[in-house]
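Inside the fold
Residue strings, one per chain:
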Amino acid sequence: MYKSVIAEMKNHMEKSVEDLRKEYQRIRTGRASTSLLDEVKVDYYGNPSSLSQVATLAVPEPRTITITPWEPKMIGPIEKAILNANLGLTPGNDGKLIRLNLPPLTEERRKEIVKGMKKMDEDHKVAVRNIRRKAIDDLKKQEKDKTITEDELKKAEKEVQTVTDSIIAKLDEILAHKEKEVMEV
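As the structure is a computational prediction, the values presented were derived from the model and not from experiment. (Residues numbered from 1 in each chain as written. Predicted model: local features only at pLDDT ≥ 70, side-chain atom pairs only at ≥ 80, totals over all residues. Heavy atoms only, no water.)

A short note on the sheet that holds strand β3 (residues 55-61)
Pairing is antiparallel across the open sheet formed by four strands, whose spatial order is β3-β4-β6-β5. Where the open sheet ends on each side, the last strands, each with one partner, are β3 and β5 (91-93). Going from strand to strand, the sheet's axes swing by 25 degrees on average, the running direction of each strand aside. Running at roughly 165 degrees to β5, helix α2 (residues 75-84) makes contact with β3, β4 (64-69), β5 and β6 (98-101) of the sheet. (Pairing = 2+ DSSP bridges. Helix = DSSP H or I, 4+ residues; strand = E, 2+ residues; numbered from the N terminus. Axes fitted to C-alpha atoms, helices over the stretch in contact; angles between N-to-C directions. Contact = heavy atoms within 4.5 Å.)

Some points on the layout of surface pockets
Considering only enclosed or pocket space, the largest pocket measures out at about 360 Å³ in volume. Around the largest pocket, the lining is made up of 17 residues, and of these Arg-26, Ile-27, Arg-28, Leu-87 and Arg-109 lie nearest the centre. Class assignment of the residues belonging to the lining of the largest pocket gives a composition of 10 nonpolar, two polar and five charged. Here the lining of the largest pocket spans two domains, since at least three of its residues come from each of domain 1 (2-27 + 106-184) and domain 2 (34-101). (1 Å grid on protein atoms, 1.4 Å probe; cavity = no way out; pocket = protein on both sides within 12 Å on 5 of 7 lines; lining within 4 Å. Points joined across faces, edges and corners; volume = space filled by probe spheres on them. Nonpolar A, V, L, I, M, F, W, Y, C, P; charged D, E, K, R; others polar. Domains from an automatic or database assignment.)

Observations regarding unusual backbone geometry
Of note, the phi angle at Tyr-45 is positive, near 50 degrees, even though the residue is not glycine. Tracing the backbone through its elements, the reader meets Tyr-45 in the loop between β1 (41-44) and β2 (47-50). Its identity as a non-glycine residue notwithstanding, Lys-146 has a phi of 65 degrees, on the positive side. Within the secondary structure, Lys-146 sits in the loop between α3 (107-144) and α4 (150-183). The exposure class assigned to Lys-146 is exposed, which follows from its relative accessible area of 71%. (Buried < 20%, exposed > 50% of the residue type's maximum accessible area, 1.4 Å probe, protein only.)

Side note on the environment of Glu-181
Here Glu-181 shows up in helix α4. The sequence separation of Glu-181 and Arg-31 amounts to 150 residues, and the corresponding C-alpha distance is 9.1 Å. Among all residues touching Glu-181, those that are not within four sequence positions of it are Thr-29 and Arg-31.

Notes on the UniProt feature "domain: Ribosome recycling factor" (unreviewed entry) in the protein chain
Under the local residue numbering, the UniProt record ascribes the feature "domain: Ribosome recycling factor" (unreviewed entry) to residues 20-183. Along residues 20-183 the backbone is 54% helical and 17% strand, and the end-to-end C-alpha distance reaches 19 Å. (UniProt positions renumbered as here; feature names shortened; annotations may be inferred.)

Examining the packing of helix α1 (residues 2-25) against α3
The contact between α1 and α3 brings their axes to 10 Å, and the two run at 170 degrees. Classed by the angle they form, the pair α1 and α3 counts as roughly antiparallel. Residues Tyr-2, Val-5, Met-9, His-12, Met-13, Ser-16, Asp-19, Leu-20, Glu-23 and Tyr-24 of α1 form the contact with α3, whose participating residues are Met-117, Met-120, Asp-121, His-124, Ala-127, Val-128, Ile-131, Arg-132, Ala-135, Asp-138, Leu-139 and Gln-142. Broken down by class, the residue content of the contact of α1 with α3 amounts to 13 nonpolar, four polar and five charged. (Parallel < 35°, antiparallel > 145°, perpendicular 65-115°, else oblique.)

Notes on the packing of α1 against α4
When two helices pack together, their arrangement is captured by the angle between the axes and the distance separating the axes. For the pair α1 and α4, interaxial distance at closest approach is 11 Å and the crossing angle is 10 degrees. Taken together, α1 and α4 sit at an angle that is classed as roughly parallel. Classifying every residue of the contact of α1 with α4 by side-chain character gives 14 nonpolar, two polar and nine charged.

Focus: the nonpolar core
By size, the foremost hydrophobic cluster in this structure holds 29 residues, and its most contacted members are Met-9, Met-13, Tyr-24, Met-117 and Leu-139. At the level of secondary structure, the elements contributing two or more residues to this core comprise α1, α3 and α4. Of all the elements, α4 adds the most residues to this core, at 10 residues. With near-sequence residues (within four places) excluded, Met-13 lies in contact with Val-128, Ile-131, Arg-132, Val-163, Thr-164 and Ile-167. Among the nonpolar cores identified, the runner-up in size contains 19 residues, and Leu-37, Leu-51, Leu-89 and Leu-102 belong to it. (Core = buried A, V, L, I, M, F, W, Y, C linked by side-chain atoms within 4.5 Å.)

Next up, the structure:
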C-alpha cells in the first residue's frame, strides 16, 4: 500500500527536477541557444504564437541567433515581440531574416545569473521537501488507519528519505553543471 505513496512522491519530485532543467535552459550563457526564445510570443494575425511556429530559428555562430520568418511581413511583429520579452537582445534585420547578436557576458553579470540560479535551485529543493513531508503525512495517516504496520511505516520513511536525498543530489548536480557553463568565458 505504501509503495503507491512513494511512487507518487517520486513522480512529483522528478517533475520538479524537469522544471528546474527547463528554467535553466532559458538562462543565457555565453553561447547562443534557440531555447532563449522559447517563451517569446508573437502576435500572428491576432493570436499569440510561439516564435518557432512563425519562423525558423538557427544558431549559425556561437554568439548569433538567426530568425527566418515564413512570411516576410512578420519581421516587424517578431522584432517587437523580442524587444518586449526583455531578453536584453536587440534584433537587427536585413529584410529577410532577423539576427540577434549575443554580447559576451561580464563577470558581474555572470555572478548575478549564478545567484539567480541558486535561488531557483533552493526553491525547487523546498518544493521537494514539501513533497516529502506530504508523503510522510500520508504514510502516517495510513498507519493510523491501520492499513500499514508501524514497521512498514519506518521502512517507508527510510525509503522516502533515500529518494529525497537522491533527488536533491540530482538538483545540486544540475546546478553545478549549469553554473560551470555560465562561468565559462
